[in-house]
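# Fold and geometry: a report
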Amino acid sequence: MSNGSHRGSPLDGSVLVLNRFYMAIHVISVRRSLVLLYRDLAEVIDVENGQYFNYSFESWLELSSLMAEHEHEDDVIHSVHFAIRVPRVMRLMNYDKVPRQTLRFNRRNLFARDDHTCQYCGNVFPLSQLSFDHVIPRSRGGATSWDNVVSCCLSCNGHKGDRLPTEAGMKLLRKPVRPKQNPLLRLKLDNPKYESWRSFISPANLALEVAGD
Ligand SMILES: [Zn+2]
């Protein structure tokens, strides 16, 4: 999680994707968004003073060249032949499915819910040293679900083994529950770079999937 002084490539940023009804459906990387734009599967939505403007690949490129000199360096991708502004919001013109209302259960989302913190010893670990633990072991019918699985360091995982926390003399930091919102999305929304997303995201769809940095 970097902000402030560290600047990654603009290609590592994130783009909010809308369906054709302008409902936010998920978050993808800038890299992926440019492919969609180039293939005419998506258009850029630029939000200015509360108004939406739609751009195709060609018109976005044109606007980009006009604005390239005035933009912050990290908002523009320069190639040999052209400069293109990093889009922040994109709309899939032919996609009419509505967003998922619940956050997908997977490792990435689980670790984010727990702030990369082992739920037994309370220490923060890099992804490579985190595992997950079934609070009620699977061998005793424990489900693989938001309310029975927690982030756990390798050492605590080894110690607990196939036991209940009480049997292992361990205590959970907090009771695991399904997150109401995607913690990765919440982080994005705190970043001024993604301010325009707020026009499209309501409390009802804070569970959107997030890709990108
Ligand atoms: Zn631990």
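Just so it is clear, the structure is predicted and the values come from calculations on it, not from any experiment.

When you go through the protein residue by residue, the secondary structure sums to five helices and ten strands. Considered along the principal axes of its C-alpha atoms, the protein spans approximately 65 × 35 × 30 Å. Counting all 213 residues of the protein, 27% fall into the buried class. Contacts spanning at least 24 positions in sequence make up 62% of the contacts within the protein whose residues lie at least 6 apart.

Here we take up unusual backbone geometry. Look at tyrosine 22: it is not a glycine, yet its phi comes out positive at around 65°. Position of tyrosine 22 relative to the elements: it lies in the loop between strand E1 (14-18) and strand E2 (24-29). Tyrosine 22 sits in the exposed class, given 12 other C-beta atoms within 10 Å. Positioned with a positive phi, asparagine 49 is a non-glycine residue whose angle comes to about 50°. Tracing the backbone shows asparagine 49 in the loop between strand E3 (42-48) and strand E4 (51-55).

Let us now look at the pairing of E3. Taken together, the three bridges between E3 and strand E7 (residues 89-92) define a ladder with antiparallel strand orientation. What sits directly across from glutamate 43, in E7, is arginine 91. Strand direction decides the pairing type here: E3 and E4, joined by five bridges, are antiparallel. Bridge pairing links valine 47 to tyrosine 52 in E4.

The next subject is the sheet that holds E4. Sheet architecture is open: six strands sit in the order E4-E3-E7-E1-E2-E10, paired in mixed fashion. In this open sheet, the two strands that pair with only one neighbour each are E4 and strand E10 (209-210). Against the sheet, helix H1 (residues 30-38) touches E1, E2, E3 and E7, its axis set at about 110° to E2.

Considered domain by domain, the protein is made up of domain 1 (10-101 + 182-210) and domain 2 (107-160). With centres defined by C-alpha atoms, the gap from domain 1 to domain 2 works out at 33 Å.

Turning next to the nonpolar core. Among the nonpolar cores identified, the biggest contains 28 residues, and Val15, Leu16, Val17, Leu18, Val27, Val89 and Met90 are the most heavily contacted of them. When contributions to this core are tallied by element, the ones reaching two or more residues are E1, E2, H1, E3, E7 and helix H5 (183-189). Setting aside its immediate chain neighbours within four residues, valine 17 contacts Ile25, His26, Val27, Ile28, Met90 and Leu92. Residues Tyr120, Val149, Val150 and Cys156 belong to the second largest nonpolar core, which totals nine residues.

Cut-offs used in this document
Residues numbered from 1 in each chain as written. Predicted model: local features only at pLDDT ≥ 70, side-chain atom pairs only at ≥ 80, totals over all residues. Helix = DSSP H or I, 4+ residues; strand = E, 2+ residues; numbered from the N terminus. Buried ≥ 20, exposed ≤ 12 C-beta atoms within 10 Å, placed from the backbone. Contact = placed C-beta atoms within 7 Å. Pairing = 2+ DSSP bridges. Axes fitted to C-alpha atoms, helices over the stretch in contact; angles between N-to-C directions. Domains from an automatic or database assignment. Core = buried A, V, L, I, M, F, W, Y, C linked by C-beta atoms within 7 Å.

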